[in-house]
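# Descriptive structure summary
Each chain, written out:
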Amino acid sequence: SQKIEQNSEALNIQEGKTATLTCNYTNYSPAYLQWYRQDPGRGPVFLLLIRENEKEKRKERLKVTFDTTLKQSLFHITASQPADSATYLCALDSPGSSASKIIFGSGTRLSIRP
Amino acid sequence: DTAVSQTPKYLVTQMGNDKSIKCEQNLGHDTMYWYKQDSKKFLKIMFSYNNKELIINETVPNRFSPKSPDKAHLNLHINSLELGDSAVYFCASSQEGLVGGELFFGEGSRLTVL
């Protein structure tokens, strides 16, 4: 069955450094991948989408890569700030089926220390 | 203006009771979802409705019954609550037909079954 893994349950880094989060998937051929941010007690908020034919996507301090050969996406936050502390979720969908179904990884809790 | 709103935010009840969670979206989206997030923060899709029609039912017990009176509303009714039903339930919506369409989540309804 389809499986999504976010390798680190938690990641702690120093403010100003680049945070890199990993999302791997198996038994799956997604046409695109999404990243969400979730703060405690809140619902996930969409950040970025990258399609299978795109290698890299950027939005302000965020960068996402998508390697369909390795079946992996990397999510980078450059010049990290304490306000970036949150749980980050990757999500995959396979359009082409009769229904749109987005499946989430278990998330990585990122902590940025001042 | 809250895009996806769900009520109640907190729900504490005894085993065996029946409860409902309501969800409304004002984004004009065609598709609405219910997700369950357990104590390990893993988000699992439960149901998906498109224009009031059920399109995804992810092997959820029959005690869970979604109802969509119109495309802006998707309610979740749970009968005979069990301890294992304790979780945060998220409602979400997206625009059908938009490949890679992001999900917009509500703030979640934390259900505690005693």
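Shown above is the structure to which this text applies.
A brief report on the enclosed structure follows. Source: prediction; values computed, not measured. (Residues numbered from 1 in each chain as written. Chains lettered and ligands numbered in written order. Predicted model: local features only at pLDDT ≥ 70, side-chain atom pairs only at ≥ 80, totals over all residues. Heavy atoms only, no water.)

## Details of the sheet that holds strand 8 (residues 72-77) of chain A
All names here are of chain A. A sheet is described by the order of its strands in space; here five strands give the open sequence 1-3-8-7-6, paired in antiparallel fashion. The sheet is open, and its two borders are formed by strand 1 (3-6) and strand 6 (56-59), each paired with just one other strand. Direction aside, neighbouring strands of the sheet carry axes that sit 15° apart on average. Where strand 6 and strand 7 (residues 62-67) come together, four bridges link them in antiparallel fashion. Looking across to strand 7, one finds that Lys59 is bridged to Leu62. (Pairing = 2+ DSSP bridges. Helix = DSSP H or I, 4+ residues; strand = E, 2+ residues; numbered from the N terminus. Axes fitted to C-alpha atoms, helices over the stretch in contact; angles between N-to-C directions.)

## Description of the pairing of strand 4 (residues 32-38) of chain A
Residue and element names in this part refer to chain A. The buried fraction of strand 4 amounts to seven of the seven residues, a majority that puts the element mostly inside the structure. A two-sided burial pattern is seen for strand 4, the buried positions comprising Tyr32, Gln34, Tyr36 and Gln38 on one face and Leu33, Trp35 and Arg37 on the other. Counted along the chain from strand 4 to the antiparallel partner strand 5 (residues 45-51), the turn is six residues long, and its residue Gly41 has a positive phi close to 75°. Bridge count between strand 4 and strand 9 (residues 86-93): seven bridges; the pairing is antiparallel. In the sheet register, Gln34 faces strand 9, and the bridge partner there is Ala91. (Buried < 20%, exposed > 50% of the residue type's maximum accessible area, 1.4 Å probe, protein only.)

## Quick word on the nonpolar core
Ranked by size, the top nonpolar core spans 23 residues in total, and within it Leu33, Trp35, Phe75, Ile77, Tyr88 and Leu110 of chain A carry the most contacts. Secondary-structure elements contributing two or more residues to this core are strand 3 (19-26), strand 4, strand 5, strand 7, strand 8, strand 9 and strand 11 (108-113) of chain A. Residues in contact with Leu110 of chain A, not counting those within four places in the same chain, are Leu11, Ile13, Ala19, Ile77, Asp84, Ser85, Ala86 and Tyr88 of chain A. With 20 residues, the next largest nonpolar core counts Phe47, Val60, Ile78 and Leu111 of chain B among its residues. (Core = buried A, V, L, I, M, F, W, Y, C linked by side-chain atoms within 4.5 Å. Contact = heavy atoms within 4.5 Å.)

Don't take any of this as a statement about function, it's just geometry.
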